[in-house]
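Structural description and commentary
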Amino acid sequence: MRRLGAALILVALLPGASPTTRLDVDVSGVRSDKGMIRVCLTADPENFPNCVDDARASTKSVPARQHGIGFDALPPGRYAVAVIHDENGNAKLDTFAGIPREGFGFSQNPAIRFGPPKFSAARFEITGPTRQQVRMKYML
């Protein structure tokens, strides 16, 4: 029995055996089924909300009629999510005079003033299976 316990402890300590979990992002308030819902998940405050220079960011796109997106095998930590409703499917958030023409949203649903929120306003902790509800906002 001791050998079995010791073997389990050793397996848990092996590289690559670190615990991982799941995040489910539910998106509400999507105004149409046109286009795609694009989600960026990052743990890097410097690359939020765009995830452009973040090699560890995870991005997913699903048809706009699908309002749920899952991320598997995430290590525990602090993350933030940015979502856009890319209605015309051009893989970017379209703007007019700096005002978004397509929908957007963030984890924790922070108040939107001028520009996107800071990472700290959208940040949440993942320690086990987690669900985030993101409400889409439309300015135009």
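Residues numbered from 1 in each chain as written. Predicted model: local features only at pLDDT ≥ 70, side-chain atom pairs only at ≥ 80, totals over all residues. Heavy atoms only, no water.

**Examining the state of the cysteines**
Disulfide: a covalent bond formed between the sulfur atoms of two cysteine residues. Applying the stated criterion across every chain yields a total of one disulfide. Here Cys40 connects covalently by a disulfide to Cys51, the sulfurs 1.5 Å from one another. Here Cys40, found in strand β2 (residues 36–42), pairs with Cys51, found in the loop between β2 and β3 (58–63); they are eleven residues apart in sequence, far enough to count as distant. Just as Cys40 is buried, Cys51 falls in that class too. (Disulfide = S-S within 2.5 Å. Helix = DSSP H or I, 4+ residues; strand = E, 2+ residues; numbered from the N terminus. Buried < 20%, exposed > 50% of the residue type's maximum accessible area, 1.4 Å probe, protein only.)

**Quick notes on the pairing of strand β10 (residues 130–135)**
Here β10 shows a clear split, with Thr130, Gln132 and Val134 buried on one side and none of Arg131, Gln133 and Arg135 buried on the other. Pairing geometry for strand β1 (residues 21–28) and β10, over six bridges, is parallel. The residue of β10 that forms the bridge with Asp24 is Arg131. (Pairing = 2+ DSSP bridges.)

**Brief notes about the confidence of the model for the protein**
Any residue range with low pLDDT should be treated as having predicted coordinates unsuitable for detailed reading. On average, residues of the protein carry a pLDDT of 90, and 88% of them reach 70 or more. Ignoring residues within four places in sequence, the model shows residues 4–13, a span with pLDDT below 50, making two contacts including any to other chains. (pLDDT = per-residue confidence, 0-100. Contact = heavy atoms within 4.5 Å.)

**A closer look at the sheet that holds β10**
Taken together, three strands build an open sheet; the order of strands is β4-β1-β10 and the sheet is mixed. For this open sheet the edge positions go to β4 (68–74) and β10, each flanked by a neighbour on one side alone. For this sheet, the mean inter-axis angle between neighbouring strands, taken without regard to orientation, is 20 degrees. (Axes fitted to C-alpha atoms, helices over the stretch in contact; angles between N-to-C directions.)

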